[in-house]
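# Residue-level structural notes
Below are the chains, spelled out letter by letter.
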Amino acid sequence: MSAVGGPLGAARRWSDLAGVRVLHAIHDFLPRHRAGSELYCLELCLALQRLGTATHVLCADYDPRRPHGELVWRAFEGVGVTELINNWAFAGFAESYASPAIERRLSAVLDMLQPDLLHVHNLLNLSFALPAMARRRGIPVVATLHDYTLVCPSGGQRVHVAEEHVCRVIESSRCARCFPQHPLYAQLRFGTRALRAPGSRLLGGWASAIRRRLPRLAAGFGRWAVRADSPLSSAAIEARLAAARRVFDTIDLFVAPSQALAEEYRRLGIPSERLRVADYGFAPLASRRGDDRARPRRQAGDPLRVGFVGTLVWHKGAHLLLAAAATLPPASFEVVLFGDPDVFPDYTSRLRRAAAALPVRFAGPFDHRDTADVYSQIDVLVVPSLWPENSPLVIHEAFQAGVPVIGARIGGIPELVQDGVSGLLYDAFSPAALAAALRRLLDEPGLRERLAAGVPPVKSIDEDAAEWQRVYAGLIGGRSSAS
């Protein structure tokens with residue numbers, strides 16, 4: 001990470017680059033945030049730049065040590081980044097998606113950078129008004145649908161974690177119960193009360209330090225500081241949903257990486273003629289130790305190495321994997337969990353209790369540069385998701401490494417995993433069904449090898465970038481013709 005000389009330097013560097021200029025908007029970005037959409041955004045920007053399209057990232061970050069609304073200009077791995085400090089210091093819930101103060105900052109960024117096109121990945125922490133602000137300037141807008149953040153205020157998974165409920169339909173009354181139980185609500189209440197008060201910078205610095213080093217204590221501090229005593233109303237949720245539907249009208253084209261996600265957004269109101277399905281592209285798996293895929297894997301008689309890769313959080317379903325594993329002969333397998341145990345420490349404690357008598361290894365987080373090495377340590381990847389996944393990054397990574405997948409039959413997972421060819425599917429929420437799939441790999445000689453041989457090719461990020469270039473050209477040409 002390095003500085004880029006402030007806003008004028010960033011704008012000058014941007015304007016000096018030949019070709020179309022595309023501004024990518026996302027809720028947060030690397031290096032601090034490394035989830036699937038952030039990694040995809042980075043790789044797409046890099047691939048586009050290799051093809052001659054200039055890219056810049058507009059993102060947000062939560063940092064109470066810095067003033068709310070501050071703009072930070074930096075670069076990451078050769079991509080210019082404008083980072084808006086959004087500490088949720090709002091007057092109320094509505095400002096979390098439509099803040100006049102935040103919108104003034106976003107307007108300044110658009111005026112400074114003057115992009116030819118806006119590519120939206122996520123509007124969380126920015127503003128629902130951003131696409132309309134771009135269109136008023138004659139800038140076409142395209143959006144990648146990564147999840148349900150537009151219509152789900154609690155992180156975009158459509159999961160009520162406290163009640164362990166998957167929201168197959170959007171119920172405003174349930175949302176009104178769910179959001180006050182989500183970490184974003186504590187963030188909002190802390191910003192509303194503490195960060196808008198005198199001395200807020202000092203208090204914010206203390207809270208930020210606690211949040212980084214002691215996540216469990218930070219959650220308690222947030223609850224103490226904000227005294228979340230104001231329930232959210234169903235009307236507030238309905239107003240947010242109405243605002244999200246207005247966003248649908250301000251985006252020229254939506255692209256969903258899976259048919260399942262596309263169908264859901266069609267049902268929510270996006271017109272079919274402005275919605276396409278195109279899966280993600282991926283960079284080659286990174287490794288600092290060379291290509292490990294040629295190394296011999298499991299030998300006859302070795303325990304089956306069962307991997308989980310992802311966030312250790314309820315809706316990703318690692319607990320269901322452990323429940324299934326508890327029914328298998330313990331000498332026949334090892335479960336390896338790759339994920340940061342400190343993100344949701346209470347859930348990790350639950351997993352550790354469930355794993356106490358099982359052959360389970362908590363491998364912790366890993367550097368993205370070691371991704372190939374991670375998959376070289378497992379024989380099969382399990383994706384036991386409980387929420388309607390889009391097009392999981394980890395399935396593509398497993399296929400790139402030649403690793404078959406056992407996946408829940410939910411969301412976009414069945415579009416990627418061909419049952420009996422590149423992996424096995426089982427009924428979501430059923431530990432018994434998952435255990436039966438794992439038992440097949442233990443009992444059927446050669447099955448794992450046959451499934452590994454059946455993994456499909458994965459679209460490259462360069463192919464993906466070339467597709468996006470054609471989309472950009474069509475939208476920019478169409479807007480120029482219309483004007």
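Not measured: the values here are computed from a predicted model. (Residues numbered from 1 in each chain as written. Predicted model: local features only at pLDDT ≥ 70, side-chain atom pairs only at ≥ 80, totals over all residues. Heavy atoms only, no water.)

Hydrogen bonding along the main chain pairs the strands of a sheet, whether they run parallel or antiparallel. Pairing within the open sheet is parallel, and its 6 strands lie in the order S14-S13-S12-S15-S16-S17. The open sheet has two edge strands with one neighbour each: strand S14 (360-362) and strand S17 (423-426). Taking the axes of each pair of neighbouring strands and ignoring which way they run, one obtains an average angle of 20° across the sheet. Pairing of strand S12 (residues 304-309) with strand S15 (residues 380-383) involves 2 bridges; the strand directions are parallel. Looking at the pairing, valine 306 lines up with valine 380 of S15. (Pairing = 2+ DSSP bridges. Helix = DSSP H or I, 4+ residues; strand = E, 2+ residues; numbered from the N terminus. Axes fitted to C-alpha atoms, helices over the stretch in contact; angles between N-to-C directions.)

All right, on to the environment of aspartate 367 then. Secondary-structure assignment places aspartate 367 in the loop between S14 and helix H13 (371-375). For the pair formed by aspartate 367 and serine 287, sequence separation is 80 residues and the distance between their alpha carbons is 9.6 Å. In terms of polar contacts, aspartate 367 uses its side chain to reach the backbone amide nitrogen of arginine 369, at 2.7 Å. (Polar contact = N/O pair within 3.5 Å; in protein donor to acceptor, adjacent residues only side chain to side chain.)

At a minimum axis distance of 10 Å, the contact between helix H11 (residues 318-325) and helix H12 (residues 345-354) shows a crossing angle of 5°. In terms of orientation, H11 lies roughly parallel with respect to H12. Seen from H11, the contacting residues are Ala318, His319 and Leu322; seen from H12, they are Tyr347, Arg350, Leu351 and Ala354. For the contact of H11 with H12, the residue count by class is 5 nonpolar, 1 polar and 1 charged. (Parallel < 35°, antiparallel > 145°, perpendicular 65-115°, else oblique. Contact = heavy atoms within 4.5 Å. Nonpolar A, V, L, I, M, F, W, Y, C, P; charged D, E, K, R; others polar.)

Time to look at the packing of aromatic side chains. By the definition in use, this model includes 13 aromatic pairs. Ring centres of tyrosine 148 and tyrosine 265 lie 5.7 Å apart, and the angle between their planes is 15°; this geometry places the pair in the stacked category. Here tyrosine 265 lies in helix H10 (residues 259-268) and tyrosine 148 lies in the loop between strand S7 (141-144) and strand S8 (159-160), a separation of 117 residues in the sequence. Tyrosine 265 matches tyrosine 148 in its accessibility class, with the two residues each being buried. Between phenylalanine 248 and tyrosine 265, the aromatic rings sit 6.3 Å apart at their centres with planes inclined by 75°, giving edge-to-face as the arrangement. In this pair, phenylalanine 248 sits in helix H9 (residues 234-248) while tyrosine 265 sits in helix H10, placing the two residues 17 residues apart along the sequence. (Phe/Tyr/Trp six-rings, centres within 6.5 Å; stacked < 30°, edge-to-face > 60°. Buried < 20%, exposed > 50% of the residue type's maximum accessible area, 1.4 Å probe, protein only.)

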